[in-house]
Amino acid sequence: MSNAREKKRAKKMRNQPANVTLGPPAGEPRLSPAQHCNGGSRPLQPQQQADLCPETSEQYQQQKLPHPSPGPSNRKEQYFTKGQSKGERGRGRGGWQGGRRGISQEMPKFITASTFAQARAAEISAMLKAVAQKSSNSLVFQTLPRHMRRRAMSHNIKRLPRRLRETARKEAEKAVHQKKEHSKSKCRKARRRHINLVLEFNRRQKKNIWLETHIWHAKRFHMVKKWGYCLGDKPTVKSYRACYRAMAKHCLLQDLSYYCCLELKGKEEELLKVLARMCSKDAGPTFAAVPCLSGRHQGSLVLYQADRYPEDLLGPITFIWKPKVGCGLGSENRQLWIWMHPTLKQDILTELKAVFKCSEPVATCIPETVTVLPHEEEPTDETRSIGKKRKREDKEGEKAVPVKKIIGDGTRDPLKSYCWTSQNTGIVISDLTMEILRYRLVGPFSHCVLTEALSAALVQTEMADAETELNSWWVENCRKSEGLSLHLHQKDIFELLQDDEKVAQLTLEGVPVECAHSFIWDQTICKNVTESKLPEQDLNRMRSELLVPGSRLDLGPRETKIPILLVQQPGKVAGEDRPGWGSGWDIYLPKGWGMAFWIPFIYQGVRVGGLQEALKHSEYKRIPHIPDDYPDCPAGIQFAKELESNLFEKFKRRPPAKRANYVKLGTLTPFLCPWEQLTQNWEERNKTQAKSTRMSEIKRCVTEKQAPNDPQPRVGTESSHETSQMEENMETTCSQGNVITEILNEVQDLGKKDGVVASNRFIVLRSTELLKQLSAWCRPTSGRGWRGRTASRQGQKEMTEDVLLPIFKCYPRALVWVTFSLLRKGTPELHTMVCIPTKEDFLHLSEDKLFCGPEEPKHSDIFKHKIVKLKERKKKKDRGKTLESSASSSLEANAVEEQKNLVLGLWCDPLSDVTSHCSRILLGFVTRGDFSLADGCGEALGFVSLTGLLHMLSSQPEDKKGFVLLRTPGSRQYRFARLTIEV
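Quick caveat, the model's predicted, so the values are computed rather than measured.

Student: An account of the overall build of the protein is requested, with residue identities and associated values reported.
Tutor: Looking only at helices and strands, the protein has 33 helices and 24 strands in total. Of all 983 residues assigned to the protein, the portion counted as buried reaches 40%. Taking all contacts inside the protein whose residues are at least 6 apart in sequence as the whole, residues at least 24 apart take part in 74%. Split by element, the accessible area of the protein, about 58,400 Å² in all, is 52% carbon and sulfur.

Student: Now, about the packing of aromatic side chains: what can you tell me, with residues and values included?
Tutor: Tallied over the entire structure, the rule returns 28 aromatic pairs. With centroids separated by 5.2 Å and ring planes inclined at 55 degrees, the aromatic side chains of Trp 473 and Phe 519 adopt a geometry described as tilted. Highlighted residues: Trp 473 in helix 15 (residues 472-478) and Phe 519 in the loop between helix 17 (500-509) and helix 18 (523-531), separated in sequence by 46 residues. Aromatic pair Phe 863 and Trp 907: ring centres 5.1 Å apart, planes at 80 degrees, arrangement edge-to-face. Linking Phe 863 in the loop between helix 30 (839-847) and helix 31 (864-879) with Trp 907 in the loop between helix 32 (886-901) and strand 21 (922-932), this pair joins segments that are 44 residues apart in sequence. For Phe 863, a relative accessible area of 7% gives the class buried. In this structure, Arg 659 is placed above the aromatic ring of Phe 651, and the distance from its NZ or CZ to the ring centre is 5.0 Å.

Student: Got a sec to walk through helix 21 (residues 611-621)? Specific residues and values, please.
Tutor: Across the 11 residues of helix 21, 10 count as buried, placing the element largely inside the fold. Where helix 21 is concerned, the buried positions are Leu 611, Glu 613, Ala 614, Leu 615, Lys 616, His 617, Ser 618, Glu 619, Tyr 620 and Lys 621. Where helix 21 terminates, the next one or two residues include Arg 622, which has phi positive at roughly 60 degrees.

Student: Describe helix 22 (residues 634-653), naming the residues involved and giving the relevant values.
Tutor: Here helix 22 spans 29 Å end to end across 20 residues, near enough to the 28 Å set by a 1.5 Å rise per residue. Taken together, the buried positions of helix 22 are Ala 635, Gly 636 and Phe 651. The buried residues of helix 22 all sit within an arc of 135 degrees when viewed along its axis, so they share a single face. Residues Lys 641 and Arg 653 are exposed on helix 22 and point more than 90 degrees away from its buried face. The elements touched by buried residues of helix 22 are helix 23 (662-665).

Student: Go over the pairing of strand 9 (residues 313-321) with me, naming the residues and quoting the values.
Tutor: In terms of residue burial, strand 9 counts as a mostly covered element, since nine of its nine residues are buried. Note: strand 9 against strand 10 (residues 333-340), four bridges, orientation antiparallel. Note that in strand 10 the partner of Thr 318 across the bridge is Trp 339.

Student: Lay out the sheet that holds strand 16 (residues 584-590) with the relevant residues and their values.
Tutor: On the basis of which strands lie adjacent, the open sheet formed by five strands has the order 15-16-14-6-17 and mixed pairing. Because the sheet does not close on itself, it has two edges, and the strands there are strand 15 (565-569) and strand 17 (607-608). Bridge count between strand 14 (residues 436-442) and strand 16: seven bridges; the pairing is antiparallel. The partner of Tyr 439 across the bridge, within strand 16, is Ile 587.

Student: Tell me about the pairing of strand 12 (residues 419-422), and please be specific about residues and values.
Tutor: Where burial is concerned, the two faces of strand 12 agree: the one with Cys 419 and Thr 421 and the one with Trp 420 and Ser 422 are both buried. Direction of pairing for strand 12 relative to strand 13 (residues 428-431): antiparallel, over a ladder of three bridges. Along strand 13, the bridge assignment pairs Thr 421 with Val 428.

Student: An account of the pattern of salt bridges is requested, with residue identities and associated values reported.
Tutor: The tally for this structure, following the rule as stated, stands at 36 salt bridges. Across the pair Arg 334 and Glu 268 runs a salt bridge whose closest N-O atoms are separated by 2.9 Å. Of this pair, Arg 334 sits in strand 10 while Glu 268 sits in helix 11 (residues 268-275), and the two are 66 residues apart along the sequence. In this structure, the salt-bridge partner of Lys 960 is Asp 959, at a minimum N-O distance of 3.1 Å. The exposure class of Lys 960 is buried, given its relative accessible area of 15%. The class for Asp 959 is partly exposed, based on a relative accessible area of 30%.

Student: Can you break down the environment of Ser 645 residue by residue, with the values?
Tutor: Tracing the chain through its elements places Ser 645 in helix 22. Sequence separation between Ser 645 and Phe 671 is 26 residues, and the spatial gap between their C-alpha atoms is 8.2 Å.

Student: Report on a nonpolar patch on the surface, specifying residues and quantitative values.
Tutor: Judged by side-chain polarity, Ile 124, Met 127, Leu 128 and Val 131 come together as a nonpolar surface patch covering roughly 400 Å² of accessible area. Positionally, Val 131 belongs in helix 5 (residues 113-132). According to the relative accessible area criterion, Val 131 is exposed, its value standing at 65%.

Student: Explain the environment of Leu 923 residue by residue, including any values.
Tutor: Mapped onto the elements of the fold, Leu 923 is located in strand 21. Its relative accessible area of 0% is what places Leu 923 among the buried residues. Between the C-alpha atom of Leu 923 and that of Val 944, which follows or precedes it by 21 residues, the distance is 5.5 Å. When neighbours within four sequence positions are excluded, Leu 923 is seen to be in contact with Leu 678, Trp 682, Val 834, Cys 835, Ile 836, Val 944, Ser 945, Gly 948, Leu 949, Met 952 and Val 964.

Student: Account for the sheet that holds strand 5 (residues 229-235), naming residues and giving values.
Tutor: Strand order across the open sheet formed by three strands is 3-5-4, with mixed pairing between neighbours. Both edges of this open sheet fall to strand 3 (209-210) and strand 4 (221-226), since each of them pairs with a single strand only. Two elements, strand 4 and strand 5, share six bridges in a ladder whose sense is antiparallel. Bridge pairing links Lys 226 to Tyr 229 in strand 5.

Student: For the confidence of the model for the protein, give the residues involved together with the corresponding values.
Tutor: Scored by pLDDT, the protein has a mean of 78; 74% of the residues are at 70 or more. This stretch, residues 20-103, has a pLDDT under 50; its non-local contacts, to residues over four places away or in other chains, come to 101 contacts. Confidence over residues 710-759 falls short of pLDDT 50; this stretch has 41 contacts with residues more than four positions distant or in other chains.

Student: How would you explain the side chain of Lys 961 if you had to name every residue and give the values?
Tutor: Inspection of the secondary structure puts Lys 961 in the loop between helix 33 (946-955) and strand 23 (963-967). Although Lys 961 is buried, it forms no salt bridge, and the closest oppositely charged side chain is Glu 958 at an N-O distance of 4.4 Å. Separated by 2.4 Å, the side chain of Lys 961 and the backbone oxygen of Leu 953 make a polar contact. Not counting residues up to four positions away in its chain, the partners in contact with Lys 961 are Trp 777, Cys 778, Arg 779, Pro 780, Leu 953, Ser 954 and Gln 956.

Student: Go over the packing of helix 29 (residues 801-810) against helix 33, please, and point to the residues and values.
Tutor: Direction vectors running N to C along helix 29 and helix 33 enclose 165 degrees, while the axes themselves pass 10 Å from each other. Taken as axis vectors, helix 29 and helix 33 run roughly antiparallel relative to one another. Taken as a pair, helix 29 and helix 33 cross one another with a handedness that is left-handed. Along its contact with helix 29, which presents Leu 804, Ile 807 and Phe 808, the element helix 33 presents Leu 946, Thr 947, Leu 950 and His 951. Here the contact of helix 29 with helix 33 is composed, by residue class, of five nonpolar, two polar and no charged.

Student: Before we move on, could you go through the side chain of Asp 861 and cite the residues and values that matter?
Tutor: Relative to the elements of secondary structure, Asp 861 occurs in the loop between helix 30 and helix 31. A distance of 3.2 Å separates a polar atom in the side chain of Asp 861 from a polar atom in the side chain of Asn 661. Excluding anything up to four places from it in sequence, Asp 861 contacts Asn 661, Val 663, Lys 664 and Leu 904.

Student: Account for unusual backbone geometry, with residues named and values stated.
Tutor: In this chain, Tyr 309 is followed by Pro 310 through a cis amide linkage whose omega measures 5 degrees. Omega for the bond connecting Ile 626 with Pro 627 falls within 30 degrees of zero, at -5 degrees, which places this linkage in the cis form. When you line up the elements, Pro 627 lands in the loop between helix 21 and helix 22. For Asp 312, which is not glycine, the phi torsion reads 55 degrees and is therefore positive. Mapped onto the secondary structure, Asp 312 falls in the loop between strand 8 (299-304) and strand 9.

Rules used throughout
- Every chain begins its residue count from 1, and numbering advances along the sequence as written.
- Thresholds applied to this predicted model are a pLDDT of at least 70 for local features of residues and 80 or more for the giving and counting of side-chain atom pairs; totals over whole chains, interfaces and linings are not thresholded and use all residues.
- Calculation of side-chain values draws on the structure's entire complement of heavy atoms; hydrogens and water are dropped beforehand.
- Segments assigned H or I by DSSP are reported as helices when at least four residues long, segments assigned E as strands when at least two residues long, and all are numbered from the N terminus.
- Throughout this description, buried means an accessible area under 20% of the type-specific maximum (1.4 Å probe, protein chains only), exposed means over 50%, and partly exposed covers the range between.
- The criterion used for residue contact is that any of the two residues' heavy atoms lie within 4.5 Å.
- The Shrake-Rupley method, run with a 1.4 Å probe sphere, supplies the accessible areas, and residue values consider only the shown protein chains as cover.
- Centres within 6.5 Å make a pair out of two Phe, Tyr or Trp rings, where for Trp the six-membered ring is used; the pair is then stacked when the planes are under 30 degrees apart, edge-to-face when over 60, and tilted otherwise.
- Each ring is checked for a lysine NZ or an arginine CZ that lies within 6 Å of its centre and within 35 degrees of its normal; such an atom marks a charge sitting over the ring.
- Here a helix's expected span is defined as the number of its residues, less one, multiplied by 1.5 Å.
- What the arc describes is the spread of directions from the helix axis to the C-beta atoms.
- Between any two strands, pairing holds if DSSP finds at least two bridges.
- We define a salt bridge as a contact between a side-chain nitrogen of Lys or Arg and a carboxyl oxygen of Asp or Glu at a distance within 4 Å.
- Patches draw on residues past 30% relative accessible area with no salt bridge. Two like charges within 9 Å are joined, as are two nonpolar side chains (Val, Leu, Ile, Met, Phe, Trp, Tyr) within 5 Å.
- Confidence scores here are pLDDT values: one per residue, from the predictor, ranging 0 to 100.
- Here Asp and Glu are counted as negative and Lys and Arg as positive; His is not counted, and neither are the chain ends.
- In protein, a polar contact requires one atom able to donate a hydrogen and another able to accept it; more generally it is a pair of N or O atoms within 3.5 Å, and residues adjacent in sequence count only if both atoms are side-chain atoms.
- Every angle, taken between N-to-C directions, lies between 0 and 180 degrees, and every axis is a line fitted to C-alpha atoms, over only the stretch in contact when it is a helix.
- With respect to orientation, any angle under 35 degrees is reported as roughly parallel, any angle over 145 as roughly antiparallel, any angle of 65 to 115 as roughly perpendicular, and every other angle as oblique.
- Throughout, a crossing is termed right-handed when the near helix is turned clockwise from the far one, and left-handed when it is turned anticlockwise from it by less than a right angle.
- Charged means Asp, Glu, Lys or Arg here, nonpolar means Ala, Val, Leu, Ile, Met, Phe, Trp, Tyr, Cys or Pro, and polar covers whatever is left, Gly included.

Here is the structure:
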């Protein structure tokens with residue numbers, strides 16, 4: 001039989017039963033297949049075996065041939081008698097050799113009936129079992145020929161032939177037991193019911209917090225999961241330029257409800273005393289600033305760990321004091337809100353609890369638990385009659401149990417308190433995250449959007465319904481003369497926002513302190529307002545009953561009064577260009593009213609932005625963004641690690657031939673900014689230069705004194721001996737011995753402090769006085785296009801050595817937040833290197849006005865040959881060409897470990913000196929950069945080393961002050977840019 005026929009027959013016989021043999025009784029030898037056919041008396045010859053058991057023998061041969069057994073036994077010899085030799089077998093079929101049969105045609109003389117019947121019974125049972133067992137996952141009716149199949153067979157067993165009905169009935173019963181438990185809402189119509197949607201949304205909010213505008217954003221934005229929230233990253237439509245135009249000329253709306261709020265209650269004196277330890281006046285206004293302490297203005301500052309300024313940064317925050325009621329004393333109870341980014345909340349909350357010495361949470365401050373429909377209140381399947389549809393109790397559904405959606409933070413533990421109190425001072429810290437909503441309007445039309453979408457509440461002195469407490473707090477306030485007059489005053493000021501001239505005057509004079517009052521500070525009122533909100537279903541039913549469709553719905557006394565707080569954002573305040581850009585309003589709301597305010601704002605034509613638009617807003621304002629631009633706080637360090645990991649994984653996903661070889665480009669760290677090593681290298685360079693300068697001055701003084709007596713002074717072999725000899729000579733002979741002794745002491749002090757300073761981490765300079773001084777030094781004092789403003793005219797100090805030495809001592813490892821603006825074409829990007837131009841670069845720039853910048857020479861890849869050798873060694877190991885020995889195994893282990901650190905195109909740790917790796921000295925890095933639509937050129941924000949910046953400014957010409965070179969990680973082209981510091 002040919003190979004094709006054998007495969008075809010094997011395919012037909014794959015579902016047939018295999019030859020079944022019974023085990024022999026205890027003590028008897030195991031019988032061969034031929035012995036089973038013969039009853040176990042003696043082995044039969046091949047022809048006799050074929051006559052007695054034709055099916056079994058043929059099937060046994062067919063099943064054994066495709067699968068040879070791995071042993072020394074020969075499969076072809078097992079059917080021949082014991083005395084038959086290979087030469088007697090023959091080459092033909094049936095043992096023919098030379099035209100004659102080599103075996104006997106005799107029949108067996110006897111068989112054992114019991115053994116023979118037992119063998120046949122086993123084969124018959126195996127055959128029946130194989131016939132009853134399905135060879136595939138198809139159902140019974142699917143095994144019928146296509147012309148016999150009917151559609152009703154899948155659910156009606158009687159449509160099947162009688163012989164298959166029993167099997168189909170068993171399959172149906174088995175399917176019922178194995179059927180997975182599905183939800184009660186199966187079809188889409190059932191899933192889209194309001195009750196089922198709310199239950200599903202409540203379940204999905206247990207892991208990541210949803211904002212109240214989540215559903216609106218999910219339909220129009222790319223959503224990301226960050227910081228424990230589901231937030232809108234950017235719109236799905238192309239709106240990059242449209243969002244900028246909205247910020248610059250119209251209005252942009254953002255949902256900032258994910259920002260965390262901590263409330264502090266206690267005596268003002270105690271609050272200010274403790275909070276003063278976490279900030280410094282050197283970095284700007286503190287909690288005790290007069291405009292902020294009165295509650296008239298919102299303040300912003302940077303928090304540190306207690307008594308650790310300028311180290312151990314916690315992060316930036318904004319704060320609001322509740323306005324004082326009358327002219328009280330300084331020891332009266334005050335209320336303070338501290339707003340922060342969610343990445344900073346845990347560190348700041350831990351530090352606040354530590355400095356205030358708070359104890360266990362207060363039991364009375366347990367937040368409101370979210371009420372969800374309990375399952376025991378629903379009718380169970382046993383109580384419902386089978387076959388009947390689920391219906392509501394009545395037509396309107398008034399008796400149906402409503403399902404309450406989660407309002408606020410759905411991840412909170414309802415049994416856990418979020419308030420902490422201090423037993424010594426009585427100060428209480430409460431976590432109000434997601435209890436107060438926060439929207440932001442950015443742009444010059446923010447006033448118009450507010451006045452068109454909102455209106456002041458009407459005066460109400462009578463209760464709408466005596467049975468409910470709807471607007472009870474508002475009625476009580478209107479009945480008081482003081483409360484009514486304050487409300488009318490606030491209403492007049494709110495209506496002034498429609499007049500531009502009055503708005504300008506209001507900006508100069510400011511809002512009165514009493515107008516900053518709001519009932520949103522009272523959590524009891526906020527809870528009442530949240531619970532008394534009318535359902536959307538009732539409002540829609542009332543709108544449908546209006547005589548004129550689309551007209552305004554007037555609820556009268558039943559209209560809910562919502563307390564809000566409006567906080568004006570000043571926009572860009574630092575620098576000289578675009579003052580006030582990005583100004584707007586922040587609206588604080590009670591929870592539960594998010595969509596009630598969001599939709600009216602949308603109907604006013606605002607553009608909605610996400611996280612990317614917030615990033616661009618801070619970039620155009622040239623302020624640091626949280627947590628990207630705070631490398632000295634824990635949140636910023638964690639962000640840098642995650643960013644490096646993501647960029648590295650993205651780099652490895654590309655094939656090696658399509659990657660950028662950063663080793664040849666001269667880029668040490670394309671995925672992160674090594675601030676620690678940058679500041680450390682500049683500190684070492686500064687100390688080396690300071691020591692060399694001091695020693696040169698000492699040698700010059702000694703040489704001048706010894707010149708007439710000993711023109712060739714002897715030089716010792718050891719530096720310590722030479723230094724001691726110099727000290728003796730200066731003390732005895734030099735007239736300036738005291739001055740030189742002080743210089744030597746300074747040099748020795750610098751050497752002693754090496755170990756102490758090296759252990760300190762880097763910091764970011766936030767001293768306002770020093771930043772103003774640096775900003776003045778960075779401006780060119782001469783040249784075309786610049787006014788001749790010298791440092792003396794500005795009231796600033798000259799850049800002398802006496803002024804720079806104290807700065808070097810106080811801030812040896814400091815970074816400065818700076819802004820870069822490209823002179824020519826080019827767009828900076830993340831991790832762009834900031835370098836110091838040389839004199840040749842300035843000379844070339846003065847000769848050629850179109851000169852963009854120099855080009856970095858191509859570097860050699862010193863790791864490529866190592867990677868190639870490691871790959872070759874790995875291939876040899878895989879092929880088995882390497883010898884296994886103890887020495888080779890240790891070398892291979894080291895090679896594998898080295899291979900993990902080596903990636904083609906990247907530098908491996910440890911890094912060399914980052915400042916002198918390239919042809920231009922490295923000064924800092926860019927953290928954010930892009931083409932600026934406001935200035936029409938490339939702009940970037942980043943940090944530079946304070947020590948390196950002072951060295952650069954002291955060596956640059958007057959008309960080129962603040963000029964630097966920028967180079968992106970994937971390019972060798974440097975481009976000139978202007979460095980500025982905005983304070």
